[in-house]
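Chain and residue survey
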Amino acid sequence: VIGGVKDMEEFVKIFGDALNVTTNLTNGTQIFMIEYSLSNVDKGWIVGSFSLGCLVGALIGGVASERRGRRFTIVIGAFIFTVGGLLQACAYYLWMVYAGRIVAGLGVGILSMSVPVYNAEVSPAEHRGQLVSLNQLSITAGIMVSFLVNLGCETYFHGWRISLALQSVFSLGLFFGMMYAPESPRYLMKKQLRARAVNVLSWIRTGHKIQSIASEAEVDPAVIQEIDTIAAEIQDGAALGEGTWREVFVASTFKRLMIGMWVQLFQQFTGMNIIMYYSTSLFKTIGVSPYVSTAIVGIINFVTTFGTLVLVDRVGRKVLLLLGSLGMGITTALGSTVIGIGGGNNNLSKTDGNLVVLCVCAFVLSFAVMWGPIAWVVTSEMFPLRLRGAAVLVV
């Protein structure tokens with residue numbers, strides 16, 4: 001949302017600096033105007049303050065998820081994000097925008113550590129890759145909706161407030177939805193609550209809640225088999241002892257840790273966040289409609305993510321990451337070449353501008369199908385159960 005909001009005229013008038021601009025006409029007349037502009041430093045802090053909150057939230061989320069449960073942690077994260085979204089929407093001073101961004105980032109950091117683990121633990125093993133990828137699909141759906149909302153609110157008075165406030169509507173949906181969602185069966189088994197775990201898993205797998213269990217013979221055998229498998233995995237982990245931070249860095253897991261860290265690092269270094277946050281600024285400078293073009297990018301980002309659900313368990317994680325890297329590299333090089341040959345952002349012809357938009361769309365396609373969701377699937381699968389919480393937190 002903030003990527004489009006920071007370029008909206010009213011937002012810039014409220015939080016930007018007033019600049020006196022003089023225009024000389026051909027007949028010698030001078031026209032004096034006042035223009036408003038956000039400095040690059042202010043734009044950077046508006047965008048970057050969110051990441052500061054995410055960093056702290058990720059540290060909190062991993063610990064809270066292990067100690068208080070996945071469901072509780074998701075509820076808290078959704079509530080914190082809601083507060084941050086409303087604080088941004090009600091802002092009258094730039095520091096309020098910063099504060100709202102940090103609080104919202106705190107909520108997202110907590111959710112980013114708990115939601116993928118919850119998804120992985122409630123998913124059937126044979127469909128885990130697809131269902132974990134739904135997390136990325138939901139993220140791209142949110143991005144698409146935010147771009148479309150920005151497009152619709154761009155010209156309205158206080159439209160930027162509407163865009164920011166609508167963030168909280170969706171987080172409230174998550175907040176109340178998780179109130180009725182079950183706890184992870186694996187977490188319940190770790191807390192030695194077998195009866196509740198059987199009940200929850202039976203509801204998830206068969207759609208039937210069991211009010212009281214007189215005997216496990218009444219439960220679907222497949223559910224009991226899965227519960228026994230979970231119990232055996234937890235028992236094996238307990239026999240080896242509780243995973244410690246030191247063990248994450250020992251030789252036997254250090255290679256996995258490095259792979260996970262580099263995958264997550266390169267996911268950020270692809271430049272996708274730059275496209276999401278600064279696409280309106282980019283498209284404005286190359287002479288195309290910024291909000292329409294950004295909305296098209298958001299739609300492509302969402303629609304192409306469905307390809308992951310088809311490919312992730314058929315093609316394999318590594319192949320998709322390699323293909324995604326190739327696609328993003330080619331489209332980035334082509335787009336940069338067009339801008340360079342065309343004389344820079346402000347001097348591009350309409351044809352060149354449209355070609356840059358096409359390159360951005362192709363880049364987004366490569367990321368959305370491959371690097372976006374696959375990075376999360378890989379890091380959620382590669383660590384031993386007893387070290388998963390600590391290792392994913394480090395990654």
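Residues numbered from 1 in each chain as written. Predicted model: local features only at pLDDT ≥ 70, side-chain atom pairs only at ≥ 80, totals over all residues. Heavy atoms only, no water.

1. As for the confidence of the model for the chain
Note the threshold: Per residue, pLDDT measures the predictor's confidence, with a range of 0 to 100. Going along the chain from the N terminus, every DSSP run of H or I of four or more residues is numbered as a helix, and every run of E of two or more is numbered as a strand.
Taken as a whole, the chain shows an average pLDDT of 82; of its residues, 86% reach a score of 70 or greater. Mean pLDDT values for the elements of the chain range from 63 in strand β1 (residues 17-24) up to 94 in helix α4 (residues 70-89).

2. Describing empty space enclosed by the protein
Our working definition: Think of a 1 Å grid over just the protein atoms. A cavity is a set of points where a 1.4 Å probe fits yet cannot get out, a pocket is an open set with protein on both sides within 12 Å along at least five of seven lines, and lining residues have an atom within 4 Å of a point. Grid points are joined across faces, edges and corners, and a volume is the space filled by probe spheres set on the points. Gly counts as polar in this scheme, as do all residues outside two lists: the nonpolar Ala, Val, Leu, Ile, Met, Phe, Trp, Tyr, Cys and Pro, and the charged Asp, Glu, Lys and Arg.
Counted under the stated rule, the structure contains two cavities of 30 Å³ or more. Of the voids in this model, the second largest cavity is the one considered here, and its volume is about 30 Å³. What lines the second largest cavity is Gly4, Phe147, Asn150, Thr280, Tyr291, Thr294 and Ala295. Elements supplying a minimum of two residues to the lining of the second largest cavity: α6 (128-153) and α14 (290-311). Residue contributions to the lining of the second largest cavity peak at three residues, all from α14. In terms of residue class, the lining of the second largest cavity is built from three nonpolar, four polar and no charged.

3. Quick notes on the packing of helix α3 (residues 40-68) against helix α5 (residues 94-122)
Quick note on the threshold: Note on definitions: angles span 0 to 180 degrees between N-to-C directions of axes, and those axes are lines fitted to C-alpha atoms, for helices only across the stretch in contact. In this scheme the handedness of a crossing depends on how the near helix is turned from the far one: anticlockwise by less than a right angle means left-handed, clockwise means right-handed.
Put simply, α3 and α5 touch, their axes get as near as 5 Å, and they point 35 degrees apart. With respect to the hand of their crossing, α3 and α5 are arranged in right-handed fashion.

4. Examining a nonpolar patch on the surface
Rule in force here: Residues enter a patch when their relative accessible area is above 30% and they make no salt bridge; the linking distance is 9 Å between like charges and 5 Å between nonpolar side chains (Val, Leu, Ile, Met, Phe, Trp, Tyr). Residue exposure ignores everything except the shown protein chains as possible cover, and the areas themselves are Shrake-Rupley values with a 1.4 Å probe. Between Lys or Arg on one side and Asp or Glu on the other, a salt bridge is scored when a side-chain nitrogen of the former is within 4 Å of a carboxyl oxygen of the latter.
Together, Leu148, Leu151, Val292, Ile296, Ile299 and Val303 make up a nonpolar patch on the protein surface, roughly 440 Å² of accessible area in all. Looking at the nonpolar patch, the elements with two or more residues in it are α6 and α14. Examined against the element boundaries, Leu151 turns out to sit in helix α6.

5. Some remarks on the nonpolar core
For clarity, the cut-off: Residues grouped as a nonpolar core are buried Ala, Val, Leu, Ile, Met, Phe, Trp, Tyr and Cys residues, joined through side-chain atoms within 4.5 Å. Each residue is placed in one exposure class: buried if its accessible area under a 1.4 Å probe, protein chains only, is under 20% of its type's maximum, exposed if it is over 50%, and partly exposed if it falls in between. In this analysis, two residues are considered to be in contact whenever any of their non-hydrogen atoms come within 4.5 Å of each other.
In this structure, Val297 and Val364 are the most contacted members of the largest nonpolar core, which totals 35 residues. Where this core is concerned, the elements lending two or more residues are α12 (251-269), α13 (272-285), α15 (317-341), α16 (350-381) and α17 (385-394). By residue number, the principal contributor to this core is α16, which donates 13 residues. With near-sequence residues (within four places) excluded, Val297 lies in contact with Ile275, Met276, Phe283, Val360, Cys361 and Val364.

6. A few points about the packing of aromatic side chains
For any pair of aromatic rings, the description rests on two quantities: the centre-to-centre distance and the angle between the ring planes. For clarity, the cut-off: In this analysis, rings of Phe, Tyr and Trp, with Trp reduced to its six-membered ring, are considered paired at centre separations within 6.5 Å, and the interplanar angle assigns stacked below 30 degrees, edge-to-face beyond 60, and tilted for intermediate values. In this scheme, Lys NZ or Arg CZ marks a charge over a ring once it lies within 6 Å of the ring centre and within 35 degrees of the ring normal.
All chains considered together, the criterion is met by seven aromatic pairs. Ring geometry for Phe175 against Phe176: centres 5.1 Å apart, planes inclined by 85 degrees, an arrangement best described as edge-to-face. Taken together, the aromatic side chains of Phe11, Phe15 and Trp160 make up a single cluster linked through ring pairs. Just above the ring of Phe72 sits the side chain of Arg68; from NZ or CZ to the centre is 4.4 Å. Across from the ring centre of Tyr92, 4.3 Å away, lies the NZ or CZ of Arg161, which sits over that ring.

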